[in-house]
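Topology and contacts: notes
Below are the chains, spelled out letter by letter.
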Amino acid sequence: MDAISKRISEIGVVPVIKLNHPQEDAAPLAHALCAGGVPVAEVTFRAAGAAEAIRLMSEACPEMLVGAGTVLTTDQVDQALEAGAKFIVTPGLDPDIVTYCQGKGVPVFPGCTTPTEYHTARKLGLEVLKFFPAEQSGGLSKIKAMSAPFPMFKIMPTGGISLKNLKEYLSSPVVCACGGSYMVTADLIDNHKWDEITALCQQSVAIVKEVRNG
């Protein structure tokens, strides 16, 4: 794994963020995440101001690994990288986007849930895959089943992850980190519940440590 993937794996959880008001919310959200021990974020391009949010979060907390999610085009890759994104996440496996990111030297984690997609990911030389949507696609049991013929991959499940099942997912050696929005919901962000976000991150970090330290 590259250095960024290793660092994400060490943190263990990746907040998946949709920011509708980046000028107002990006900086305090970044501080809240870091205060909770989760200095990483996947800012999704489902919101129009994603690139601006990436830039503002990176400026507020330079130690953070801020990446771009829901990336569907190479133009969005360029926007994200110009804003300071450290990694790219795509909902599906698009070989053109993967090779484009590889050419730019930026880690890319495509969504893969089928043997065909895993085959393609192997040909592309990938090591870390997003498994999305995790719960709806078979959850941990499918992730484990897929790892039998494809043991070369580490997996970042996203979709349906919460404090209730985070421990179960992280207990699998196949899973390197989990993506989730439970600590960055619209209610928490829009109502500026920064302390609650920090507390949820701290609970998540405690689960990561419990699983990995025995």
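Before reading on, note that the structure itself is shown above.
Just so you know, these numbers come straight off a predicted model, no measurement behind them.

1. Structural notes on empty space enclosed by the protein
One pass over the structure, following the stated rule, counts one cavity of 30 Å³ or more. Size it by volume and the largest cavity reaches roughly 70 Å³. Lining of the largest cavity is provided by I8, V14, E42, F87, V89, F109, K130, M156, T158, C178 and G179.

2. Some details on helix α3 (residues 50-60)
For α3, the set of buried residues is A50, A51, A53, I54, L56, M57 and S58. Its buried side turned inward, α3 meets β1 (13-17), α2 (22-35), β2 (40-44), β3 (65-69) and α4 (74-83).

3. Description of the pattern of salt bridges
Applying the stated rule across the entire model yields six salt bridges. Here R55 ties to E59 by a salt bridge, and the two come within 3.3 Å at their closest N and O atoms. In this pair, R55 and E59 are both assigned in helix α3, four residues apart and thus about one turn of the helix distant. By relative accessible area, E59 is classed as exposed at 53%. Between K104 and D78 there is a salt bridge whose closest N-O contact spans 3.9 Å. Of this pair, K104 sits in helix α5 (residues 95-104) while D78 sits in helix α4; the two residues are 26 residues apart in sequence, bridging distant segments of the chain. The exposure class of K104 is partly exposed, given its relative accessible area of 46%. Given the relative accessible area of 28%, D78 is considered partly exposed.

4. Details of the packing of aromatic side chains
Tallying each qualifying case throughout the model produces four aromatic pairs. With 6.2 Å between their ring centres and 35 degrees between their planes, F150 and F153 make a pair best called tilted. Every member of this aromatic cluster is reached through a ring pair, and the members are Y118, F150 and F153. Positioned above the aromatic ring of F132 is the side chain of K130, whose terminal nitrogen or guanidinium carbon lies 4.5 Å from the ring centre.

5. As for the pairing of β3
Burial analysis of β3 places five of its five residues in the buried class, which makes it a mostly covered element. Neither face of β3 is open: one carries L65, G67 and G69, the other V66 and A68, and all of them are buried. Where β2 meets β3, five bridges bridge the pair, whose relative direction is parallel. Across the sheet, the residue bridging to V40 is L65, located in β3. For the crossover that starts at β2, traverses α3 and ends in the parallel β3, the hand is right-handed.

6. Focus on the packing of α3 against α4
Packed helices, taken two at a time, are described by the angle between their axes plus the distance between the axes. Between α3 and α4, the least distance of the axes is 8 Å, while the angle of their chain directions is 20 degrees. Our classification of the angle between α3 and α4 gives roughly parallel. Two packed elements cross with a definite hand, and for α3 against α4 that hand is right-handed. Of the residues in α4, those touching α3 at A51, I54, R55 and S58 are Q79, A80 and A83. In the contact of α3 with α4, the residues fall into four nonpolar, two polar and one charged.

7. Let's talk about the nonpolar core
I8, L29, L33 and M57 are the most contacted members of the largest nonpolar core, which has 80 residues in total. Looking at which element gives the most residues to this core, the answer is helix α10 (residues 194-213), with seven residues. Excluding residues within four positions of it along the chain, L29 makes contact with I17, L19, M57, V184, I189, W194 and I197.

Rules used throughout
Residues numbered from 1 in each chain as written. Predicted model: local features only at pLDDT ≥ 70, side-chain atom pairs only at ≥ 80, totals over all residues. Heavy atoms only, no water. 1 Å grid on protein atoms, 1.4 Å probe; cavity = no way out; pocket = protein on both sides within 12 Å on 5 of 7 lines; lining within 4 Å. Points joined across faces, edges and corners; volume = space filled by probe spheres on them. Buried < 20%, exposed > 50% of the residue type's maximum accessible area, 1.4 Å probe, protein only. Helix = DSSP H or I, 4+ residues; strand = E, 2+ residues; numbered from the N terminus. Contact = heavy atoms within 4.5 Å. Salt bridge = Lys/Arg side-chain N within 4 Å of Asp/Glu carboxyl O. Phe/Tyr/Trp six-rings, centres within 6.5 Å; stacked < 30°, edge-to-face > 60°. Lys NZ or Arg CZ within 6 Å of the ring centre and 35° of its normal. Pairing = 2+ DSSP bridges. Right-handed = clockwise from strand over helix to strand, strands pointing away. Axes fitted to C-alpha atoms, helices over the stretch in contact; angles between N-to-C directions. Parallel < 35°, antiparallel > 145°, perpendicular 65-115°, else oblique. Left-handed = near helix turned anticlockwise from the far one by under 90°. Nonpolar A, V, L, I, M, F, W, Y, C, P; charged D, E, K, R; others polar. Core = buried A, V, L, I, M, F, W, Y, C linked by side-chain atoms within 4.5 Å.

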